[in-house]
Amino acid sequence: DSGVTQTPKHLITATGQRVTLRCSPRSGDLSVYWYQQSLDQGLQFLIQYYNGEERAKGNILERFSAQQFPDLHSELNLSSLELGDSALYFCASSVGGDIIPGANVLTFGAGSRLTVL
Amino acid sequence: GENVEQHPSTLSVQEGDSAVIKCTYSDSASNYFPWYKQELGKRPQLIIDIRSNVGEKKDQRIAVTLNKTAKHFSLHITETQPEDSAVYFCASQEGFQKLVFGTGTRLLVSP
């Protein structure tokens, strides 16, 4: 167990539907990152939050949105789902924002596997 | 935005050989360069990282080198073992901004 908790582990849904993926960061980590990994593909950066605020945005579709709550957990909302959205969605957390050893190191959750039929 | 290129996409070696994976980055402001290993069906995990004020770092059989001028960094694995078989990702980051990953290298170590 890495300390980063993602739910659900697996999710099967239909095109056009909306889903929410949830992430609880490791205790003490303030920064949360979301990545998308399609089959045999790399890790595509979606969005990053630090202490409740959006810090950086990647190639995140307009149909996708996210937020980080005051308790630091984060949710990724995917709407109007398409077949191509089927992927493994990773959340990762880091201390972030402080110049201390290891502050940049990302700890990944186990991922949420989304299948859109 | 930052772009990280990684080569090769696949690498097959015999057990005991060395393996080298190379990455280039585009943003000269990037100052943190980690390498992550992802075994089949598992989450990526950090194996080694280097900051821009250091040219080389070593941890047992793994080493990373950084050439800031050329914007290149490389992962070197010596005396490879079958358990080194995995996908390896390089990444770059400026400060605490987004961490951008390369496209990955699938390393296969044959006994």
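None of these values were measured; they are calculated from a predicted model. (Residues numbered from 1 in each chain as written. Chains lettered and ligands numbered in written order. Predicted model: local features only at pLDDT ≥ 70, side-chain atom pairs only at ≥ 80, totals over all residues. Heavy atoms only, no water.)

Caption draft 1: Summary view of the environment of Thr65 of chain B. Residues and elements named next belong to chain B. Along the chain, the position of Thr65 falls in strand β7 (residues 62-67). Through-space distance from the C-alpha of Thr65 to that of His76 is 8.1 Å; in sequence the pair is 11 residues apart. Look past the residues within four positions of Thr65 in its chain and what remains in contact with it is Gly55, Glu56, His72, Phe73, Ser74 and His76. A distance of 3.4 Å separates polar atoms of two side chains, one belonging to Thr65 and the other to His76. (Helix = DSSP H or I, 4+ residues; strand = E, 2+ residues; numbered from the N terminus. Contact = heavy atoms within 4.5 Å. Polar contact = N/O pair within 3.5 Å; in protein donor to acceptor, adjacent residues only side chain to side chain.)

Caption draft 2: Looking closely at the interface of chain B and chain A. Between chain B and chain A, the residue contacts involve 19 residues of the former and 26 residues of the latter. Of the roughly 1800 Å² buried between chain B and chain A on both sides combined, carbon and sulfur atoms contribute 56%. Of all residues in chain B, Arg43, Phe96 and Lys98 of chain B give up the largest surface area on contact with chain A, accounting jointly for 40% of the area buried on that side. Taken together, the connections running from chain B to chain A amount to zero salt bridges. Viewed at the interface, chain A and chain B are joined by 11 residue pairs in polar contact (both at pLDDT 80 or more). Of all the elements in the fold, those that place two or more residues in the side of chain B that touches chain A are β4 (32-38) and β5 (45-51) of chain B. Of the residues assigned to the side of chain B that touches chain A, the class counts are eight nonpolar, five polar and six charged. (Buried area = accessible area lost by both parts, 1.4 Å probe. Salt bridge = Lys/Arg side-chain N within 4 Å of Asp/Glu carboxyl O. Nonpolar A, V, L, I, M, F, W, Y, C, P; charged D, E, K, R; others polar.)

Caption draft 3: Up close: unusual backbone geometry. Following Thr7 of chain A, the chain continues into Pro8 of chain A via a peptide bond in cis, with omega recorded as -10°. The residue Pro8 of chain A is located in the loop between β1 (5-7) and β2 (10-13) in this model. Residue Pro8 of chain B follows His7 of chain B across a cis peptide bond; omega there is -5°. Tracing the backbone shows Pro8 of chain B in the loop between β1 (4-7) and β2 (10-14). A positive phi angle is found at Gln60 of chain B, which is not glycine, with a value near 55°. One can find Gln60 of chain B in the loop between β6 (56-59) and β7.

In short, geometric facts, not functional conclusions.
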